[in-house]
2 protein chains.
Amino acid sequence: MSPTVDPVLIALDWGTSSFRAFLMGQGATVLDQRGSAEGITNLPRPGAEGFVDVFAAQCGAWLARWPGLPVVAGGMVGSAQGWREAPYAECPADLSGLARAAVEVEAPGARILIAPGVLSAPAYGAPDVIRGEEIQVAGALQAHPALAARARFLMPGTHSKWVSLEAGRITGFATYMTGELFAVLCRHSLLGRLMPEGEQAAPEAAAEAFALGLRMARESGPGDLAHQLFATRTLGLTKRLPPAALADFLSGLLIGHEVVSGLAHTGAAEAGLPLALIGEGTLCRRYAAVLESLGAPPALLLGNTAPAGLFQFAIAAGLVRPAPAANTAEEAAP
Amino acid sequence: MSPTVDPVLIALDWGTSSFRAFLMGQGATVLDQRGSAEGITNLPRPGAEGFVDVFAAQCGAWLARWPGLPVVAGGMVGSAQGWREAPYAECPADLSGLARAAVEVEAPGARILIAPGVLSAPAYGAPDVIRGEEIQVAGALQAHPALAARARFLMPGTHSKWVSLEAGRITGFATYMTGELFAVLCRHSLLGRLMPEGEQAAPEAAAEAFALGLRMARESGPGDLAHQLFATRTLGLTKRLPPAALADFLSGLLIGHEVVSGLAHTGAAEAGLPLALIGEGTLCRRYAAVLESLGAPPALLLGNTAPAGLFQFAIAAGLVRPAPAANTAEEAAP
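Residues numbered from 1 in each chain as written. Chains lettered and ligands numbered in written order. Predicted model: local features only at pLDDT ≥ 70, side-chain atom pairs only at ≥ 80, totals over all residues. Heavy atoms only, no water.

1. Things to note about the domain arrangement of chain A
Reasoning step 1: On domain assignment, one finds that chain A holds domain 1 (7-145 + 305-332) and domain 2 (176-302).
Reasoning step 2: Taking only C-alpha atoms, the centre of domain 1 of chain A and the centre of domain 2 of chain A are 32 Å apart. (Domains from an automatic or database assignment.)

2. Let's talk about the sheet that holds strand β3 (residues 29-36) of chain A
Residues and elements named next belong to chain A.
Reasoning step 1: Within the open sheet, the 6 strands sit side by side as β3-β2-β1-β4-β7-β6. Their pairing is mixed. The sheet is open, and its two borders are formed by β3 and β6 (103-107), each paired with just one other strand. Each strand of the sheet is rotated relative to its neighbour by a mean of 25°, with strand direction disregarded.
Reasoning step 2: Pairing between strand β1 (residues 7-14) and strand β4 (residues 71-74): 4 bridges, direction parallel. Residue D13 lies in a different strand from β4, and its bridge partner there is G74.
Reasoning step 3: Across the sheet, helix α1 (residues 48-65) is in contact with β1, β2 (19-25), β3, β4, β6 and β7 (110-114); its angle to β1 comes to roughly 155°.
Reasoning step 4: Sitting on the sheet, helix α10 (residues 306-316) is in contact with β1, β2, β3, β4 and β7, with an inclination near 120° to β1. (Pairing = 2+ DSSP bridges. Helix = DSSP H or I, 4+ residues; strand = E, 2+ residues; numbered from the N terminus. Axes fitted to C-alpha atoms, helices over the stretch in contact; angles between N-to-C directions. Contact = heavy atoms within 4.5 Å.)

3. Description of the packing of aromatic side chains
Reasoning step 1: Enumeration over the complete set of coordinates arrives at 10 aromatic pairs over all chains.
Reasoning step 2: Between W14 of chain A and F51 of chain A the ring centres are 5.3 Å apart and the planes differ by 65°, which places this aromatic pair in the edge-to-face class. Of this pair, W14 of chain A sits in strand β1 while F51 of chain A sits in helix α1, and the two are 37 residues apart along the sequence.
Reasoning step 3: The class for W14 of chain A is buried, based on a relative accessible area of 0%.
Reasoning step 4: Among the aromatic side chains, those forming a connected cluster through ring pairs are W14, F19, F51 and W83 of chain A.
Reasoning step 5: Positioned above the aromatic ring of Y88 of chain B is the side chain of R131 of chain B, whose terminal nitrogen or guanidinium carbon lies 4.4 Å from the ring centre. (Phe/Tyr/Trp six-rings, centres within 6.5 Å; stacked < 30°, edge-to-face > 60°. Buried < 20%, exposed > 50% of the residue type's maximum accessible area, 1.4 Å probe, protein only. Lys NZ or Arg CZ within 6 Å of the ring centre and 35° of its normal.)

4. Regarding unusual backbone geometry
Reasoning step 1: Along the chain, C91 of chain A connects to P92 of chain A via a cis peptide bond; the corresponding omega equals -5°.
Reasoning step 2: You can see P92 of chain A is positioned in the loop between β5 (89-90) and α2 (95-100).
Reasoning step 3: Backbone geometry at A167 of chain A places phi at a positive 50°, although glycine is not the residue there.
Reasoning step 4: The topology assignment puts A167 of chain A in the loop between β11 (160-166) and β12 (169-176).
Reasoning step 5: Unusually for a residue other than glycine, A28 of chain B sits at a positive phi of about 65°.
Reasoning step 6: As for its placement among the helices and strands, A28 of chain B is situated in the loop between β2 (19-25) and β3 (29-36).

5. Structural notes on the nonpolar core
Reasoning step 1: Membership of the largest hydrophobic core comes to 99 residues, with the highest contact counts inside it found for L229, V259 and L291 of chain A together with L229, V259 and L291 of chain B.
Reasoning step 2: Beyond its immediate sequence surroundings of up to four residues, V259 of chain A is in contact with W162, Y287, V290, L291 and L294 of chain A. (Core = buried A, V, L, I, M, F, W, Y, C linked by side-chain atoms within 4.5 Å.)

6. Description of the pattern of salt bridges
Reasoning step 1: Applying the stated rule across the entire model yields 12 salt bridges over all chains.
Reasoning step 2: Where R111 of chain B meets E106 of chain B, a salt bridge forms, and the shortest distance between an N and an O atom there is 3.7 Å.
Reasoning step 3: Given the relative accessible area of 55%, E106 of chain B is considered exposed.
Reasoning step 4: What you see here is one network of salt bridges that share partners, running through R150, R152, E166 and E270 of chain A. (Salt bridge = Lys/Arg side-chain N within 4 Å of Asp/Glu carboxyl O.)

7. Quick notes on the packing of helix α3 (residues 133-143) of chain B against helix α10 (residues 306-316) of chain B
Residues and elements named next belong to chain B.
Reasoning step 1: α10 packs onto α3 with a crossing angle of 90° between their chain directions and a minimal axis gap of 7 Å. The angle between the axes of α3 and α10 places the two elements in the roughly perpendicular class. Mapping the contact onto sequence places I135, Q136, A138, G139 and Q142 in α3 and A306, A308, G309, L310, Q312 and F313 in α10.
Reasoning step 2: For the contact of α3 with α10, the class distribution of residues is 6 nonpolar, 5 polar and no charged. (Parallel < 35°, antiparallel > 145°, perpendicular 65-115°, else oblique. Nonpolar A, V, L, I, M, F, W, Y, C, P; charged D, E, K, R; others polar.)

See the structure below:
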């Protein structure tokens, strides 16, 4: 694809297991994009050179055609295992705080500004961290500015993140290891033994098993999970669920536990408090159904907001101009 | 060891990862014992032949000297993956019910009666199973007959079992996958990454980390575990805990969750209701401390009650005579 308008930014969403690059024009429009599985744990060679290689291979042609384009990056690329560590900004955090805490790396023909993650470190209770999700939240605000006043964001996945936003600032968040728990229990625990490899339950059986897990989560008390997990085995042993539906039961149980807890701690079931789901469509729709069944108002479903968030980060860092002024000027030109 | 009194039974405690054989005399005394790591998942060859090999190698000399000794077995040897499946007896269950549901296998020079496990299958809620623990409970009752009226039993481990006993019968139980969760999270999840291999924290640091996990468990609400687990990482990232103490934190968190839930569901914190811990000493003492910190009365600490339980099972099956009558007759002889 050859853009007809000039790009103003290259934005990199560089996570643990994938690399995404966006060539962006004024107004956060995506003009072109590239991607690969070269996440920070899957580089062609170790160390900074591996990062340079991937960046040059994926973005070299863009830089050759538009030399001097600013480049920003977010995600695990700024972690201790990344290209260069961008230490966490402390909560409450907004885009200007992220921009102040950013770090820079150099590649041939480009300087790359890496966004920090955010740390929530209450004096009492456990600390928590996000890295990349703060960018997705910024992107959601670009598309839905009304959320900036007060909203809750849920980004489901390997490590689900529940983010609270008040007056334009991230005020707190909680990580749930739901996706990773599901994966390690299926692969490495006794619970996976009765699950047939590569076989999926019929849609109705899968939905029933998921609903059973969800119901158990809804009825659970403190500490019950390690017991309820075992039902993944006993429901199979006693043939109450078909083997192919055991993973669906486990999924319903784990997602249910997360949502019960997340709603209780973030107040996201409060009437009038907007709740937005950010991420892959199928998973977000599954979470949306669970949220509604547990009493939350309908959630806003957003797709990938990372490019828009990286654009907002670049504006906050002074690397690109905010869109409206520029557009207005152009439209006003004779 | 060469017993001076004649044995009346060979009792096998044959689990997933270990084999134990006891040569027993009247009154459930252990005259001799053998053991190996040849659990049912670690046999010299697959199928029934593997079981025969282990039994012959370990118990052949006893049978040669005392031909015709009855043999009983309990544990996973009676599971679908065992020597022969002994289908679960249904809850409520007592020893005579176990004896009725036992199955027999043959080896050169011996018939072996395998005890069934117990199934709890409420019409509503998830089913649960035990296999081997019903024998340990029977052994505890032999040593402490007063517990038969009403008691709770806790057998901590890979799959912790909480068993309720009323009027001499097992009326219900709950499995907690605490030990397995700990192992798979340390070995296969992100949480293990910050834990230094083979390094242990200083006793004071370990105790502090364990207490922190326990406190978080005590303060948890429904569904919180998948979030609190992540603290194992963030407490390391933020250097609030030394890397070598992260496993202790995780242990305190998981055991705490189990005990919070177990006490709530079994009523084991009730004043005057005896609670007995059965199993390996160090682990049982750790659980006993957690139980007390969570408001339970002091627990009775029992060691390995499996041999005594297998002896009681053999009596219920009519394979050996109850002890008292025989002893009394001998003492009364001139």
